[in-house]
Amino acid sequence: MSDDRRIEQMSRRRFVHLTAASAAVVATGSLSLLEACDRNAPAGPDISPGLLGSGAVTGNPLRIPQTLSPLNATLVPAPATVDLGGGRYSSARAYNGAFPGPTFRASVGDTVNVGLSNGLTQPTTIHWHGMMVPTAEDGHPRDAVAPGGSYQYQYTIAQRACLNWYHPHPHMLTGEQVCLGLAGGFIINDAEEARLGLPSGLPFEVPLIVRDAILDRAGNLQYTPMGGVFLGNLPLVNGTRDPFLAVDHAVYRFRLLNGANARVFGLTLSNGVVFNLIGNDGGLLDVTRQLTQVDIAPGERLDLLVDFRGIPAGQKVVLRDVSTGWTILEFRVTQSTPIAGTIPTSLSTIPGLANPAATRVFSFDGMNRINGKVYDLNRIDFRVPFGQTELWRFRTSGMMPMHGGAPHPVHVHGASFQVQSRTGGRGQVFPWERGWKDTVLLGGGETIDVLVRFDRFRGIYLLHCHKLEHEDRGMMTNFEVV
Ligand code: C2O
Ligand code: CU
Ligand code: CU
């Protein structure tokens, strides 16, 4: 967006506060500006279309997906019409009509029982990203459920507290189905986490599914990958355009998931507010780390505490993406009475994996190959002994960064891993890559060593790039834990 337009928009926003009548007039202008914006497909709209129907306030209240117990639930993925905020409706594909799908919440030891009833015209599966489940419950593309078909997923949760998520994983159709709306969060609780007294549930624990999108002229979600990746021009949080969240003078816990097909976000907060990073993919870190920026690649999760008690009521704090300049979410501090809350410094003990018995090297080549091979649904590429600690080395060339290759968010099913080192490229392991991970961002020219041990289930699992267009094109491999 040009500076002129930004200034125009700012004065527009100020003007909006005058009267409701003037707001109605401005709304029209704001919308035509938005359309111009869409047509030119610039970096996302810093524009607030939320004037429609919501009086003289810009922005849309952040949607919080409904929480659901997975002990006895059904998910029906099907075409749906969803509200992206401010009464702007979009066609989508949604679980149970909700975009994103319901947030599951359960505890260690619980047995998940979720029926899938496929209301799509394509095959689909439900993959439980980050959950340690038997191979038949993993939503592997070989186990695709035909249109009109159903499947009962059942498994017992036996892993640490963390934020996971669920999404389709059908052969060559994952990018399309996720992009058009099929995804949801899955929070696991346990006793270790409970002892820390962290915010749990609303209003102070808030899931944030961040992604990008492209809308067609009619405002409908579109799946239009270009040059081998889907990069949208509009950020969405929990399916909400231009979202804001009213916050108290309190410590909030944000359960952040990058649900984008391909976009990596680099997030900062305004007004000098910091992130207190307490966890990631596989649960709590050992200690809290204060950061002014966190990066998150598709499939990764972050557990963040943010303290708004130092911000005067009436002010706002903006969550921004550094590479696009997008406002991702606006926090509006509305209360000035401080609410008690602490930020723990010591969180958990992470036993380190050590002494790998084998080394395997995986080269992520171009946009569709691992070690030179395109994915074959029926080919098992290697076998891993159950319970053996191994060193897996992920690498990719630095060639042709402009041609849809790196970075590759590398994701493993069936186990969490521990990142040991990154050489080349960014040349370091970042604070948000400590602890237990199941997805790690492999940048151009980088080599990443991780230690991994498959000690939950034997069977067939996947290693793949979580840039969903790369995955669909074949940057994926089957292995068997034996
Ligand atoms: Cu979230 Cu195999 O993927
Ligand atoms: Cu997964
Ligand atoms: Cu990739």
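Throughout this description, residue numbers start from 1 for each chain and increase along the sequence as written. Throughout, the order in which chains and ligands are written sets their labels, letters from A for the former and numbers from 1 for the latter. pLDDT decides what is reported in this predicted model: residues at 70 or higher carry local features, side-chain atom pairs at 80 or more are listed and counted, and totals for whole chains, interfaces and linings draw on all residues regardless. Hydrogens and waters are ignored; side-chain quantities use all the structure's heavy atoms.

At this site the copper ion (ligand 2) is bound by His127 (NE2) and His411 (NE2), with donor distances of 1.9 Å. Residue His127 is located in strand β8 (residues 127-129), and its partner His411 is located in strand β28 (residues 408-412); the two are separated by 284 residues in the primary sequence. In this scheme, a residue with accessible area under 20% of its type's maximum is buried, one over 50% is exposed, and one in between is partly exposed, where area comes from a 1.4 Å probe on protein chains only. Look at His127 and you get buried, because its relative accessible area is 1%. Coordination partners: N, O, S within 2.8 Å of the metal, 3.2 Å for Na, K and Ca; water not considered, so apparent gaps in a site are possible. Helix and strand definitions here come from DSSP, where helices need a minimum of 4 consecutive H or I residues and strands a minimum of 2 consecutive E residues; each element is numbered from the N-terminal end.

Further remarks concern the sheet that holds strand β23 (residues 327-333). Pairing between strands is defined by DSSP: at least two bridges between them are needed. Read from one edge to the other, the open sheet built from 6 strands follows the order β1-β15-β23-β22-β17-β20, with strand pairing classed as mixed. Looking at strand neighbours, the two that pair on one side only are β1 (60-61) and β20 (293-296), the edges of this open sheet. Here 2 bridges tie β1 to strand β15 (residues 243-247), and the two strands are oriented parallel to one another. Its bridge partner being in β15, Pro61 is matched across the sheet by Phe244.

Moving on, we come to the coordination of the copper ion (ligand 3). Around the copper ion (ligand 3), the protein contributes the donor atoms His408 (ND1), Cys465 (SG) and His470 (ND1), which lie 2.0 to 2.1 Å from the metal centre. Mapped onto the polypeptide sequence, the residues donating to the copper ion (ligand 3) form the spacing pattern H-x56-C-x4-H.

Below, the discussion takes up the side chain of Gln122. You can see Gln122 is positioned in the loop between β7 (111-117) and β8. What makes Gln122 buried here is its relative accessible area of 15%. Within polar-contact distance, the side chain of Gln122 engages the side chain of Glu176 at 2.9 Å. Only heavy atoms matter for contacts: two residues are in contact if any of them lie within 4.5 Å across the pair. When neighbours within four sequence positions are excluded, Gln122 is seen to be in contact with Arg93, Val145, Pro147, Leu173, Glu176 and Gln177. Nitrogen and oxygen atoms within 3.5 Å of one another constitute a polar contact, given that in protein one can donate a hydrogen and the other can accept it, and given that sequence-neighbouring residues count only through two side-chain atoms.

Across 6 bridges, the pairing between strand β24 (residues 358-365) and strand β27 (residues 389-395) is parallel. Residue pairing for β27: Thr359 is matched across the bridge by Leu391. Bridge count for β24 against strand β25 (residues 369-370) is 2 bridges, and the pairing is antiparallel. Paired with Asp365 across the bridge in β25 is Arg369.

The next thing to look at is the environment of Asn258. Looking at the secondary structure, you find Asn258 in strand β16 (residues 251-258). Taking relative accessible area as the criterion, Asn258 reaches 0% and is therefore assigned buried. Remark: the alpha-carbon pair of Asn258 and Gly299, spanning 41 residues in sequence, is separated by 5.6 Å. Apart from the residues within four sequence positions on either side, Asn258 is in contact with Trp165, Val210, Arg263, Val264, Phe265, Ile296, Ala297, Pro298, Gly299 and Glu300.

All right, on to the confidence of the model for the protein chain then. Residues with a pLDDT of 70 or more make up 87% of the protein chain, whose mean pLDDT is 89. Here residues 1-56 is modelled with pLDDT under 50, and outside its nearest four sequence neighbours on either side it reaches 72 contacts, counting other chains as well. pLDDT runs from 0 to 100 and stands for how confident the predictor is about each residue.

Structurally, Gly459 can be placed in strand β32 (residues 459-465). Linking Gly459 and Thr135, residues 324 residues apart in sequence, is a C-alpha distance of 5.5 Å. Not counting the four nearest positions on each side in its chain, Gly459 is found in contact with Thr135, Phe479, Glu480 and Val481.

Time to look at the nonpolar core. Across soluble globular proteins, nonpolar side chains have a tendency to be buried as a group. Definition of nonpolar core: a set of buried residues of the types Ala, Val, Leu, Ile, Met, Phe, Trp, Tyr and Cys, connected through side-chain atoms within 4.5 Å. Ranked by size, the top nonpolar core spans 42 residues in total, and within it Phe254, Leu267, Phe308, Ile328, Leu329 and Phe331 carry the most contacts. Apart from residues lying up to four places away in sequence, Leu329 is in contact with Leu62, Leu208, Val237, Pro243, Phe244, Leu245, Val317, Val318 and Leu319. Core analysis: the next-biggest nonpolar cluster, separate from the first, contains 25 residues, Leu442, Ile448, Val452 and Phe454 among them.

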